[in-house]
Amino acid sequence: MHKFWLPNLQRTRFFSIRHLSCMQNGRVCPCSGTKSIDNKPTESEKPLRWGMAPVSLIADDFVTALQVLSDRHHMVTACTSYYQSVARTFANKHNIPHVYSSFEDLARSKDVDVVFISSLNPFHLEISRLMLDHGKHVLCEKPLCMNEDQVIQLIGHSHSKGCFLMEGIWSRCVPAYQYIRKQIEAGALGEVVKVNCTLGLPMQKVVRVMRRSLGGGVTLELGVYALQFAMWAFGYAPHNVIAHGKLNEDGVDEEANIVMKFGPEREAEIMLSCTKRFDNKAVIKGTKGSIVVPDYWCPARVIDVDGEEKEFPLPHSDLSTYLPNRLALSFEAEEVRRCISEHKAQSDLFTHKESLALSYIEDQIRRQLGVVYAEDETANVCR
């Protein structure tokens, strides 16, 4: 397992200041590494009981993905929505026994162990904190929060409450990633020196992506996949990030070109767009060869160093999902169950430290592009 480190001296000092602040305010430091959760875990012989907060398209796909897994391991017991009628329709579709009229009621439920949070980005912190306050484990869709300051708060809160918390980077859980990691660690590519990622999808009609008040923008919506892939391929965080792009009339980034510097002659180049379609693949280049990963956020195949194409079949079901390959969310659900059954506060596949590093990089990109959210005003972000 590659350990993430932050080679930039200024960045190291930044974390030291945060450590001091945590101690002075009596908070659990979110940077302290893996620790066991304190509350009683779900017993291994009992299914993990999921709550959906709120009902959404990805929540629908997540529940569908759970159906390819054993009902002895997973069951969806509750859901809520901003509109009661929507929650009831969702519950009827998926045979969910408990429909709650508010997030607070779901948080208090004795029939829920872990909550899948898929609200609009600006509400991730508030809803996650609420669930943690009531002893619920949390799997929160990416981005974990709107900025690094919020991520620090949330991770610290999860530690203080003794609950599991994971940012929903489902890519890390699919079999193709495990194969590529083994190839890198075995030296099949030599030293990794370059990563190229493109991700462009026309999303002009998706309101949440194009509106600043809804936490939109290509960096948080699509860029997360590319940024995490580059850090994962190198095994550590970049020491410098350079970004330029294009904003829409509402002030969110609709295009971004990003260069992440990982050391002398080691960098990642990333092209993002929510108005154009790209080839949407990643290439990891090493001193001995390259690996090509089509659809790298959820790859079902990899073109290996020797040019051979390797298949990694995703779960099959007669049930359909709104977006392709989302049955692979079942791998993420299984990772959550494994971690909770082993009393873990975080996943080794995507750690809290990586969430912190990712949020810091996202903030730096937005600062350079000129994207400022309301949540940044009190966090000294992007100034």
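What counts and what doesn't
Residues numbered from 1 in each chain as written. Predicted model: local features only at pLDDT ≥ 70, side-chain atom pairs only at ≥ 80, totals over all residues. Heavy atoms only, no water. Axes fitted to C-alpha atoms, helices over the stretch in contact; angles between N-to-C directions. Helix = DSSP H or I, 4+ residues; strand = E, 2+ residues; numbered from the N terminus. Parallel < 35°, antiparallel > 145°, perpendicular 65-115°, else oblique. Contact = heavy atoms within 4.5 Å. Nonpolar A, V, L, I, M, F, W, Y, C, P; charged D, E, K, R; others polar. Phe/Tyr/Trp six-rings, centres within 6.5 Å; stacked < 30°, edge-to-face > 60°. Buried < 20%, exposed > 50% of the residue type's maximum accessible area, 1.4 Å probe, protein only. Lys NZ or Arg CZ within 6 Å of the ring centre and 35° of its normal. Pairing = 2+ DSSP bridges. Core = buried A, V, L, I, M, F, W, Y, C linked by side-chain atoms within 4.5 Å.

Colleague: A description of the packing of helix α5 (residues 124-133) against helix α6 (residues 148-161) should follow, citing residues and the corresponding values.
Modeller: Following both chains from N to C, one finds α5 and α6 inclined at 10 degrees, their axes separated by 10 Å at the closest point. It follows that α5 is roughly parallel to α6 by the angle criterion. Facing α5, whose interface residues are L125, S128, R129, L132 and D133, α6 presents Q150, Q153, L154, H157, S158 and K161. Looking at the contact of α5 with α6, its residues break down into 3 nonpolar, 5 polar and 3 charged.

Colleague: I'd like a description of the packing of aromatic side chains, backed by residues and values.
Modeller: For the structure shown, the criterion picks out 12 aromatic pairs. Measuring from ring centre to ring centre gives 5.6 Å for F229 and W232, while their planes differ by 45 degrees; the resulting arrangement is tilted. One end of the pair, F229, and the other, W232, are both in helix α9 (residues 218-234), 3 residues apart, so they sit about a helical turn from each other. Summarising the burial analysis for this pair, F229 and W232 share the class buried. Of the aromatic side chains, those joined through ring pairs into one cluster are Y177, F229, W232, Y296 and W297. Over the ring of W232 we find R181, and its NZ or CZ is 4.7 Å from the ring centre.

Colleague: I'd like a description of unusual backbone geometry, backed by residues and values.
Modeller: The omega torsion across A53 and P54 is -5 degrees, close enough to zero to call that bond cis. By secondary structure assignment, the location of P54 is in the loop between β1 (48-53) and α2 (57-66). P143 follows K142 through a cis peptide bond whose omega is -10 degrees. Its place among the elements puts P143 in the loop between β5 (137-141) and α6. Backbone geometry places N280, a non-glycine residue, at a positive phi of 55 degrees. Mapped onto the fold, N280 is located in the loop between β10 (266-273) and β11 (281-286). Despite not being glycine, D295 has its phi angle at roughly 50 degrees, a positive value. Counting through the fold element by element, D295 comes out in the loop between β12 (290-294) and β13 (301-303).

Colleague: Which residues make up the pairing of β12, and what values do they have?
Modeller: Most of β12 is tucked away, with 4 of its 5 residues classed as buried. Relative to β12, β11 is paired through 5 bridges, and the arrangement is antiparallel. Note on β12: the bridge partner recorded for K285 is S290.

Colleague: Hey, could you go over the nonpolar core for me, with residue numbers and the actual values?
Modeller: Ranked by size, the top nonpolar core spans 89 residues in total, and within it W50 and M260 carry the most contacts. When residues in this core are grouped by element, the largest group, 13 residues, is from α9. Apart from residues no more than four positions distant in its own chain, M260 is found in contact with L227, A230, M231, P238, N240, V241, R266, E267, A268, I270 and I361. With 25 residues, the next largest nonpolar core counts Y100, F103, A107 and I152 among its residues.

Colleague: Pulling in residues and values, what's your account of the pairing of strand β9 (residues 253-263)?
Modeller: Two faces belong to every sheet, and in a regular strand the side chains alternate between them. With 8 of its 11 residues buried, β9 lies for the most part within the structure. Relative to β9, strand β8 (residues 240-247) is paired through 8 bridges, and the arrangement is antiparallel. The residue bridging N240 from the neighbouring strand is K261, located in β9. Once β8 ends, the chain turns through 5 residues before running back antiparallel as β9, passing G251 with a positive phi of about 90 degrees. Summarising the sheet, β9 and β10 pair through 8 bridges and their orientation is antiparallel. What sits directly across from G263, in β10, is R266. Between the antiparallel neighbours β9 and β10 lie 2 residues, among them E265 with a positive phi of about 60 degrees.

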